[in-house]
Amino acid sequence: MALPKKKLFIKTFGCQMNVADSQQMAQVLADDFEVTERPEEADLYLINTCAIRHKAEAKVQSLLGSLKALKQRRPQLILGVGGCVAQRQGEQLLTAVPHLDLVFGTHGIYRLPQLVRRAAYRPVAQVETAAGLAPSPRRHWAPGQVQALVTIMQGCDNFCTFCVVPYVRGREYSRPPGEIAAEVADFLAAGGKEVTLLGQNVNSYGRGLPQPITFPELLRRIGPLPGLARLRFTTSHPRDLSPELMAAFGELAPLCEHLHLPVQSGSDRILEAMHRGYGSREYLEKVAVLRRACPGLSLTTDLIVGFPGESEADFQATLDLMTAAAFDQAFSFKYSPRPQTRAATFADQVSEGVKTERLQRLQTLQEKFTLKAHERLVGQRREVLVEKLSKRSPEQLCGRLRTNQVVNFSGPPELVGRLVQVRIEQAHPHSLKGRWLADRPPAEGHHPEGAQGE
Ligand code: SAM
Ligand code: SF4
């Protein structure tokens, strides 16, 4: 008789790439562990860390500190740290946190089962942060899973001067297209509906493969796979956004009308110091082409305030670019100096007070654009992929439009995982409220959602 499985709890910090890595961790450990949502019953507690900003790293340190008590209550508990902080700090983490059993970097996921087994039998902490390409084990898709994050490439070669990613995630490496297509086909065969392709810069996908292929070519290979209702990707670097990729938005039916295109700053001087490889004019020209190719496109971005040397005029240029681009949403951050990066050594660092004040002004401006974008949707009939029951009420469901906005509406729990039609009735700053159109069949085919207003 098989032994009952032990319990695995994973706390994930950071981006979708980390979420995908956590799913992979759960998969490689699935023979011995089942995932629990309750940390207090875990036999194995893994923290998947993020090193992108100091604040993210500090959160990990504070969680690790608080877990000392749990470890004392449950001495058999194996406590492990993986991801970007682990990759960056390796053995130092063990010195700083003696109650840790296991440290594994971004390349060590597939070796987790051996590491965990060794940690269980040996009193010596295990460290595995060697760089190297991790083979991707074949993914198993849980029945009922409708959304999949599929990593198509690892690492980054861009070396933006503020960014730690190339130092912790290593050189850029693309997975072969056949492997990606097979993984997506398996997911769709198991009933999946939405696929998000992940990479730090998907636009450079395929460089360096024995038979080079472009990212739009990969999209054209994935797009027609039977059963695929929604296709998304992130992140796209503005410099490498090709006319071919922009055209794909009007041409590939499952490709959702949403693009995340991080601009970081609106000042050409700052963009150059960031080593981004484009200027504000070029960025806005690409936005104009995209909007012509796909009039219903929702455009989101990332912005950094207080990069070294950013003057009030530079900051104003960022606000001007935001107004010109009219982003649907923006993720904005105070510049955080990161170890090894060039910008951390720049002389003219901006004070914390100025960063805080600029972030506030920027976010106030963005809130207006986000609300306006939401208000434009009121009265329209839209397709929603229902993701989950709302935390607030069991009768409330929560899903997303193709353009990625969150919609809450009343409906039976059986709708979770289905594509339904919803009339948008109210716009809120962070979400929409809708009414389920129970008797409406899905709209024929896929077309830019703006066309579905009635
Ligand atoms: N690869 C993506 C790109 O090129 O846009 C983004 C990767 S990063 C995980 C996500 C975002 O974090 C970036 O777009 C940037 O806005 C922000 N970020 C990265 N390094 C940062 C730093 N040192 N300080 C503040 N924000 C940072
Ligand atoms: Fe970091 Fe730039 Fe690479 Fe994005 S493109 S991961 S910001 S170095």
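Residues numbered from 1 in each chain as written. Chains lettered and ligands numbered in written order. Predicted model: local features only at pLDDT ≥ 70, side-chain atom pairs only at ≥ 80, totals over all residues. Heavy atoms only, no water.

Colleague: Before we move on, could you go through the nonpolar core and cite the residues and values that matter?
Modeller: Of all hydrophobic cores here, the largest spans 66 residues; its most connected members are Ile152, Leu197, Phe215 and Phe233. If sequence neighbours within four positions are ignored, Leu197 has contacts with Val150, Ile152, Ile180, Val202, Phe215, Leu218, Leu219, Leu231, Arg232, Phe233 and Thr234. In this structure, Ala42, Ala56, Leu67 and Val103 belong to the second largest nonpolar core, which totals 21 residues. (Core = buried A, V, L, I, M, F, W, Y, C linked by side-chain atoms within 4.5 Å. Buried < 20%, exposed > 50% of the residue type's maximum accessible area, 1.4 Å probe, protein only. Contact = heavy atoms within 4.5 Å.)

Colleague: Run through the side chain of Asp314, naming residues and quoting values.
Modeller: Relative to the helices and strands, Asp314 is located in helix α12 (residues 312–325). Judged by relative accessible area, Asp314 falls into the buried class, the value being 7%. Of the polar contacts made by the side chain of Asp314, one reaches the side chain of Ser267; its length is 2.8 Å. Only 2.6 Å separates the side chain of Asp314 from the side chain of Arg269, close enough to count as a polar contact. Once residues within four sequence positions are removed from consideration, Asp314 is found in contact with Ser267, Arg269, Ile270 and Gly309. (Helix = DSSP H or I, 4+ residues; strand = E, 2+ residues; numbered from the N terminus. Polar contact = N/O pair within 3.5 Å; in protein donor to acceptor, adjacent residues only side chain to side chain.)

Colleague: Which residues make up the pattern of salt bridges, and what are the values?
Modeller: Across all of its chains, the model carries 28 salt bridges by this definition. For the salt bridge of Arg358 with Glu310, the shortest nitrogen-to-oxygen distance reads 2.9 Å. Of the two residues, Arg358 sits in helix α13 (residues 352–377) while Glu310 sits in the loop between β13 (298–305) and α12, which places them 48 residues apart along the sequence. By relative accessible area, Arg358 is classed as buried at 6%. Judged by its relative accessible area of 5%, Glu310 is buried. It is possible to trace a salt-bridge network through shared partners that takes in Glu310, Glu312, Glu357, Arg358 and Arg361. (Salt bridge = Lys/Arg side-chain N within 4 Å of Asp/Glu carboxyl O.)

Colleague: Any chance you could break down the site of ligand 1 for me, citing the residues and the numbers?
Modeller: As a structural note, the neighbourhood of ligand 1 is formed by 15 residues, with Phe162, Gln200, Gln264, Asp302 and Ser336 the closest of them. Between ligand 1 and Gln200 there is a distance of 2.8 Å, counted from a nitrogen atom to a backbone nitrogen or oxygen. One of the side-chain N or O atoms of Arg276 is found 3.3 Å from an oxygen atom in ligand 1. Contributing elements (two or more residues each) for the shell around ligand 1: β13 and β14 (329–334). (Near = heavy atom within 4 Å.)

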